Amino acid sequence: MGTDEIRRAVAADVAVVRAVTDAAYRPYIERIGRAPQPMEADHTANVAAGKVFVTGEPVVGLVVLEEYDDHLFLDSIAVHPDAHGTGIGRRLLRFVDARARALGLAEVRLYTNAMMWENQKIYPRYGYEVVERRTDGIYDRVHYRKRLD
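Source: prediction; values computed, not measured.

Draft legend 1. Geometry of the overall build of the protein. Check the secondary structure of the protein and you find 6 helices and 7 strands. When the helices and strands of the protein are placed in sequence order, the string is β-α-α-α-α-β-β-β-α-β-α-β-β. Taking 15 Å as the expected radius of gyration for a compact globule of 149 residues, we find that the protein reaches 14 Å, a close match to that expectation. Structurally, the protein occupies a C-alpha span of about 40 × 40 × 30 Å along its principal axes. Here the protein holds 149 residues, and 47% of them are scored as buried. The contacts of the protein with a sequence gap of at least 6 include a subset with a gap of at least 24, amounting to 62%. If you average the places of the 21 positive and of the 22 negative side-chain charges in the protein, the two averages end up 3 Å apart.

The following block contains the structure:
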């Protein structure tokens, strides 16, 4: 695999999917007062279900996607802190758009914890618009959508 390739994760990737997710989200634990939801995800089940796509050799970035009838849901995006600033997040977001289009879906949706204010600056730069802010269980979230051409 080339270092720029994005591929579907396989069972052998579960440990690195967990490690990259934990490294990416760990800095938010203190700020939001609990582990962010992606750290609590069942990575084994998500990989087995074909929802996880990874990039890098070794893996340094990933997305977790869920397909619905009318949109693609970006459940999680994680880039290892050692790879910040290298364009991996941008490539992953472009991949999400391309994947939605390939599936015939005209919209991508995601949410981020309201305390992750860095994300609230990033997503609008990539065409996402705020739909609403609401509490989902114990999480205060900002919901976004991106309509694709």
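The discussion continues.
Draft legend 2. Spotlight on the side chain of H143. Locating H143 in the fold gives a position in strand β7 (residues 139-147). Apart from the residues within four sequence positions on either side, H143 is in contact with L110, Y111, E129, V130, V131, E132, R134 and D136.

Draft legend 3. Quick look at the layout of surface pockets. Taken as a whole, the largest pocket spans an internal volume of roughly 950 Å³. Taken together, 42 residues form the lining of the largest pocket, with Y25, I77, A78, N119 and Y123 sitting closest to its centre. Of all the elements in the fold, those that place two or more residues in the lining of the largest pocket are α1 (14-25), α2 (28-32), α3 (37-40), β4 (72-79), α5 (88-102), β5 (107-113), α6 (117-125) and β7. It is β4 that contributes the most residues to the lining of the largest pocket, 7 residues altogether. Taken together, the residues that form the lining of the largest pocket break down as 24 nonpolar, 11 polar and 7 charged. Estimates place the volume of the second largest pocket at around 200 Å³. Lining of the second largest pocket is provided by 13 residues; of these, R109, L110, R134, H143 and Y144 occupy positions nearest its centre. Every element with two or more residues in the lining of the second largest pocket is listed here: β5, β6 (129-136) and β7. The biggest single contributor to the lining of the second largest pocket is β5, with 4 residues.

Draft legend 4. Representation of the packing of aromatic side chains within the structure. In the structure shown here, the tally under the stated rule is 5 aromatic pairs. Each ring, one from Y123 and one from Y128, has its centre 5.7 Å from the other, and the planes form 70°; the classification is edge-to-face. Each member of the pair, Y123 as well as Y128, is classed as buried. Three or more aromatic residues link up through ring pairs in this structure, and these residues are Y123, Y128 and Y144.

Scoring rules and cut-offs
- Residues numbered from 1 in each chain as written.
- Predicted model: local features only at pLDDT ≥ 70, side-chain atom pairs only at ≥ 80, totals over all residues.
- Heavy atoms only, no water.
- Helix = DSSP H or I, 4+ residues; strand = E, 2+ residues; numbered from the N terminus.
- Rg over C-alpha atoms; globule rule 2.2 N^0.38 Å.
- Buried < 20%, exposed > 50% of the residue type's maximum accessible area, 1.4 Å probe, protein only.
- Contact = heavy atoms within 4.5 Å.
- Lys, Arg positive; Asp, Glu negative; His and termini not counted.
- Charge placed at Lys NZ, Arg CZ, Asp CG, Glu CD.
- 1 Å grid on protein atoms, 1.4 Å probe; cavity = no way out; pocket = protein on both sides within 12 Å on 5 of 7 lines; lining within 4 Å.
- Points joined across faces, edges and corners; volume = space filled by probe spheres on them.
- Nonpolar A, V, L, I, M, F, W, Y, C, P; charged D, E, K, R; others polar.
- Phe/Tyr/Trp six-rings, centres within 6.5 Å; stacked < 30°, edge-to-face > 60°.

Everything listed is a geometric property; what it means functionally is a separate question.
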